[in-house]
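Fold and contact review
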Amino acid sequence: MPIDDADGLLAHIAAQVRPLLPQGQLPQYIPQLGRVDKMQFGMALLMLDGREAFVGDADVPFSIQSISKLFALMLALERVQVDQEAGATRNPFINAGALVVTDVLCSSFAQPELALLQTLRQSADDERVDIDQIVMRSERESCHRNAAIAHLLKSYGRICNSVDTVLDTYCRQCALTMNTRQIARCALPLAISGRLSAHRARERLSAVQRHSVTALMLTCGTYNAAGDFAARVGLPMKSGVGGGIVAVIPGVGSVCAWSPGLDGAGNSLAAGRAIELFAKHTGLSVLGSPARTFKAL
Ligand code: DON
């Protein structure tokens, strides 16, 4: 379905999710993320034909957290020969798999977090993408669970670099700060379908790699709620505990929503609902709308 009035649609969605903003919970296990103002909401839509629409706090930078797992994976696939059997592509969206991807980047770049930062600045075409040192230190000082996972991985020989090197890099990548428009721009290449030759120059990943990454987003991008989101929204998505959620609309574009308050599964309450409303209003879903699916059956 064509999106004729994208600005109007996003404004409508922002108004609809507003009552949810006070209801979400801030994550407390990374102390700095617990100090953010919950009443913020922003959303950005970027289409492959170049059109863009945004609303609310779309330009406010926030901590991308686990969305960095998506971008780290894209960088690893793009620049590094990732041996599938080394575990890096098993599930790079849970922390154990993400730490293995970070380890691959540590082996491949002298300053891996800078390689990721530069890649994102280039993809977003925006030098303001940055790493928040306060968030980084806040997580590094309290990342006991990730340290335990990294030690376990090390004991099985699944990571090559020292546990400290991997944890330092992982906490820096999670502390990347971006706004919704920058994130949508960096995820846009995942929306390119084989037919869109005008975008060939921007295709850094092969069609097979894009397919694998979006399949992973659809099935594992929103923690334990991935099945629920697949049924309700039907778009490949990746969320982070900073409150951001980015979704890919294959062949159409990318959309990112952000609001800091989280639901019980750790996904932004308002951003999740906003992307669900977007899919419902536009009929854009890789699985088709429930109504249409049932009719076809
Ligand atoms: O590793 C963590 O716990 C955070 N840096 C990121 C968590 C997140 O966004 C969702 N979790 N897996």
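Reading the values: the criteria
Residues numbered from 1 in each chain as written. Predicted model: local features only at pLDDT ≥ 70, side-chain atom pairs only at ≥ 80, totals over all residues. Heavy atoms only, no water. Salt bridge = Lys/Arg side-chain N within 4 Å of Asp/Glu carboxyl O. Buried < 20%, exposed > 50% of the residue type's maximum accessible area, 1.4 Å probe, protein only. Helix = DSSP H or I, 4+ residues; strand = E, 2+ residues; numbered from the N terminus. Lys, Arg positive; Asp, Glu negative; His and termini not counted. Contact = heavy atoms within 4.5 Å. Near = heavy atom within 4 Å. Polar contact = N/O pair within 3.5 Å; in protein donor to acceptor, adjacent residues only side chain to side chain. Areas by Shrake-Rupley, 256 points an atom, 1.4 Å probe, with all protein chains shown as cover. Nonpolar A, V, L, I, M, F, W, Y, C, P; charged D, E, K, R; others polar. Domains from an automatic or database assignment.

Time to look at the pattern of salt bridges. All told, the structure shown has 13 salt bridges when counted by the stated rule. Here Arg121 makes a salt bridge to Glu127, at a shortest N to O gap of 4.0 Å. The exposed category is assigned to Glu127, whose relative accessible area is 57%. Residue Asp130 is joined to Arg121 by a salt bridge in which the shortest nitrogen-to-oxygen separation is 3.7 Å. By relative accessible area, Arg121 is classed as buried at 14%. Three or more residues are tied together by salt bridges with common partners; here these are Asp228, Arg232, Arg273, Glu276 and Lys280.

Take Asp103: it is sitting in helix 3 (residues 95-108). An unpaired buried charge is present at Asp103: no salt bridge exists, and Lys154, the closest side chain of opposite charge, is 6.4 Å distant. Not counting chain neighbours up to four residues away, the residues in contact with Asp103 comprise Arg158, Ile159, Cys160, Asn161 and Val166.

Before going further, it helps to spend a moment on the site of the ligand. Around the ligand, the structure places 13 residues, and the nearest of them are Tyr29, Gln65, Ser66, Glu139 and Tyr170. Gln65 places a polar side-chain atom, nitrogen or oxygen, 2.6 Å from a nitrogen atom of the ligand. Asn95 places a polar side-chain atom, nitrogen or oxygen, 3.1 Å from a nitrogen atom of the ligand. Protein contact buries 90% of the 330 Å² of open area that the ligand shows by itself. Taken together, the residues of the shell around the ligand break down into six nonpolar, five polar and two charged. Domain assignment of the residues forming the shell around the ligand places at least three in each of domain 1 (1-60 + 179-297) and domain 2 (64-177).

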